[in-house]
Amino acid sequence: INPDRKKQRNTVYDKKAVPLRKLLRNMRSAIYGAGSLGTILGAFITKNGGQIDLINHNRAHVEALRTKEATVTGTLDFVQAVNAYTEEEMSGTYDIIFLMTKQLNNEEVVGMLKNHLAEDGVIVTLQNGIPELRIGEIVGDERVLGCTVAWGATMQGPGVCELTSSPDSLTFSLGSLTGKANRHMSEVKALLELMGPVEIDSNFIGTRWSKLLINSAFSGMSAVCGCTFGEAAADKGSRKIVQALIKECIDVCAKGGIRIEPIQGKDVVKLLDYSNPVKKAISFFIIPIAIKKHALLKASMLQDLEKGKKTEVDAINGVVSAYGRKVGSPTPMNDKVVEIIHRIEAGELKPSSDNIRLFAES
């Protein structure tokens, strides 16, 4: 590792406006489930003057963070000392807990975190899908904030995480279940702004669906085919399925009365929806351009499959399918993604472009 990296500064987003010390003077914050995304977020927050604990069950990762510091590679490159702990070492209560684990064990995890949450504390979920509803049932709607990120990362090894998105895409959307300002909203915003711009979103469910649209299409096909987002878009066979997955998500939301929010200022519905062959052809052409900033991203579902772990497919494509059934909008392509990924989990298939042929059955 080049020691000069420690001297490098992030020049992409220079936070100036928020009086951080005043807002966060006596507060405790943590990232629970500090894997690739959480480690990079924690490194940025710490690097730019914030205080936050990074908590992970992976002892090797925590030990590397302690002894070698957090190493960020990829589209940005720096090393940063951070506060890292295993979950067994958690103590006391936190005012803000960023939840960044998989949703597979949310009931158990959130139940445990409730015991480490200050009386007026909030859980900020940065998970995939739409987890806020169930978390709100456990800790109370007023103690939940939701956040979507517009960037991706990959774990390269203990303490080493690769930022796979363009530096100008390091943005966040923040919102509450009620659509109103929530307790600690300003403090959460201030912490996140130590990495990049934050938009407070009154239609947060619409923002969740815009992220779900991307995840169901590109993460789904990344896991099915064993490729990056860019490769899924470049191959015409998989791009055709990506397009169909996007269309199903748009149709489900339209049927359910959900307004999908723009992604980084781009109206994804206007760009990618279609109702005739000409618009369909334009949508097909645009897809590789639309995902260009995230072309190197490899789905966390694929990373899980490569490690022999269960994926979050039921919380991603499965959510689209479930809501489609609820509102009466067919989702055969999302159904097939769920089926294929479960077959990969069971050892019947492997992530491969050969799996594209299975969609002909839908």
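Above this text you will find the structure in question.
Residues numbered from 1 in each chain as written. Predicted model: local features only at pLDDT ≥ 70, side-chain atom pairs only at ≥ 80, totals over all residues. Heavy atoms only, no water.

Read from one edge to the other, the open sheet built from four strands follows the order β4-β3-β10-β9, with strand pairing classed as mixed. A single partner strand is all that each edge strand has here, and the edge strands are β4 (78-80) and β9 (153-157). Between one strand axis and the next, the sheet turns through 25° on average, direction left out of account. Looking at chain direction, strand β3 (residues 70-74) and β4 are connected through three bridges and run antiparallel. From the neighbouring strand, Thr 71 faces β4, where its bridge partner is Val 79. With respect to the sheet, helix α2 (residues 36-47) is in contact with β3, β4, β9 and β10 (160-163), its orientation differing from that of β4 by roughly 80°. Across the sheet, helix α3 (residues 59-68) touches β3, β4, β9 and β10, and the angle it forms with β3 is around 95°. (Pairing = 2+ DSSP bridges. Helix = DSSP H or I, 4+ residues; strand = E, 2+ residues; numbered from the N terminus. Axes fitted to C-alpha atoms, helices over the stretch in contact; angles between N-to-C directions. Contact = heavy atoms within 4.5 Å.)

Okay, the state of the cysteines next. Under the counting rule described, the total for this entry stands at zero disulfides. Distance from the sulfur of Cys 147, which forms no disulfide, to the nearest cysteine sulfur (Cys 161) is 18 Å. Cysteine Cys 227 is unpaired, with the sulfur of Cys 225 as its nearest cysteine sulfur at 4.9 Å. (Disulfide = S-S within 2.5 Å.)

On to the packing of aromatic side chains, then. For any two aromatic rings, the description comes down to two numbers: the centre-to-centre distance and the angle of the planes. This model, assessed by the stated rule, comprises four aromatic pairs. A ring pair is formed by Phe 44 and Phe 78, whose centres lie 5.1 Å apart and whose planes are at 80°; its orientation type is edge-to-face. Remark: Phe 78 occurs in strand β4 and Phe 44 occurs in helix α2; sequence separation between them is 34 residues. We note that Phe 44, like Phe 78, is buried. With 6.2 Å between their ring centres and 85° between their planes, Trp 151 and Phe 172 make a pair best called edge-to-face. (Phe/Tyr/Trp six-rings, centres within 6.5 Å; stacked < 30°, edge-to-face > 60°. Buried < 20%, exposed > 50% of the residue type's maximum accessible area, 1.4 Å probe, protein only.)

Further remarks concern the sheet that holds strand β6 (residues 94-99). Pairing is mixed in the open sheet, where eight strands are placed in the order β5-β2-β1-β6-β7-β8-β11-β12. Looking at which strands have only one partner, the edges of the open sheet turn out to be β5 (83-85) and β12 (198-200). Neighbour-to-neighbour, the strand axes of the sheet open up by a mean angle of 25°, direction not taken into account. Against the sheet, helix α6 (residues 185-192) touches β1 (29-32), β6, β7 (117-125), β8 (144-149), β11 (172-176) and β12, its axis set at about 55° to β6. Where helix α7 (residues 204-225) meets the sheet, its contacts fall on β7, β8 and β11, and the angle it forms with β8 comes to roughly 35°.

Right, let's get into the environment of Leu 104. Within the secondary structure layout, Leu 104 lies in the loop between β6 and α4 (106-114). Taking relative accessible area as the criterion, Leu 104 reaches 48% and is therefore assigned partly exposed. The contacts of Leu 104, once residues within four sequence positions are left out, are Lys 310 and Thr 311.

Turning our eyes to something else, we now look at the pattern of salt bridges. Opposite charge on two side chains lets them pair, provided their charged atoms get close. Under the definition given, this model contains 16 salt bridges. In this structure, the salt-bridge partner of Asp 53 is Arg 28, at a minimum N-O distance of 3.6 Å. Separated by 25 residues along the polypeptide, Asp 53 in strand β2 (residues 53-55) and Arg 28 in the loop between α1 (20-24) and β1 bring together distant segments of the chain. What makes Asp 53 buried here is its relative accessible area of 11%. Given the relative accessible area of 32%, Arg 28 is considered partly exposed. Lys 189 is paired through a salt bridge with Glu 193; the nearest N and O atoms lie 2.6 Å apart. (Salt bridge = Lys/Arg side-chain N within 4 Å of Asp/Glu carboxyl O.)

Regular strands place their side chains on alternate faces of the sheet. For β11, the buried fraction is high: five of the five residues fall into the buried class. Burial of β11 is two-sided: the residues Phe 172, Leu 174 and Ser 176 facing one way and the residues Ser 173 and Gly 175 facing the other way are all buried. Where β8 meets β11, five bridges bridge the pair, whose relative direction is antiparallel. Across the sheet, residue Leu 145 finds its bridge partner in β11, namely Ser 176. Pairing analysis gives three bridges linking β11 to β12, with the strands arranged parallel. By the bridge assignment for β12, Leu 174 is matched with Ile 200.

Okay, the packing of helix α9 (residues 236-256) against helix α13 (residues 317-327) next. Contact pair α9 / α13: the axes reach a minimum separation of 9 Å and the direction vectors enclose 40°. In terms of orientation, α9 and α13 fall into the oblique class. Crossing handedness for the pair α9 and α13: left-handed. In contact with Leu 245, Cys 249, Val 252, Lys 255 and Gly 256 of α9, α13 contributes Asn 317, Val 320, Tyr 323, Gly 324 and Val 327. (Parallel < 35°, antiparallel > 145°, perpendicular 65-115°, else oblique. Left-handed = near helix turned anticlockwise from the far one by under 90°.)

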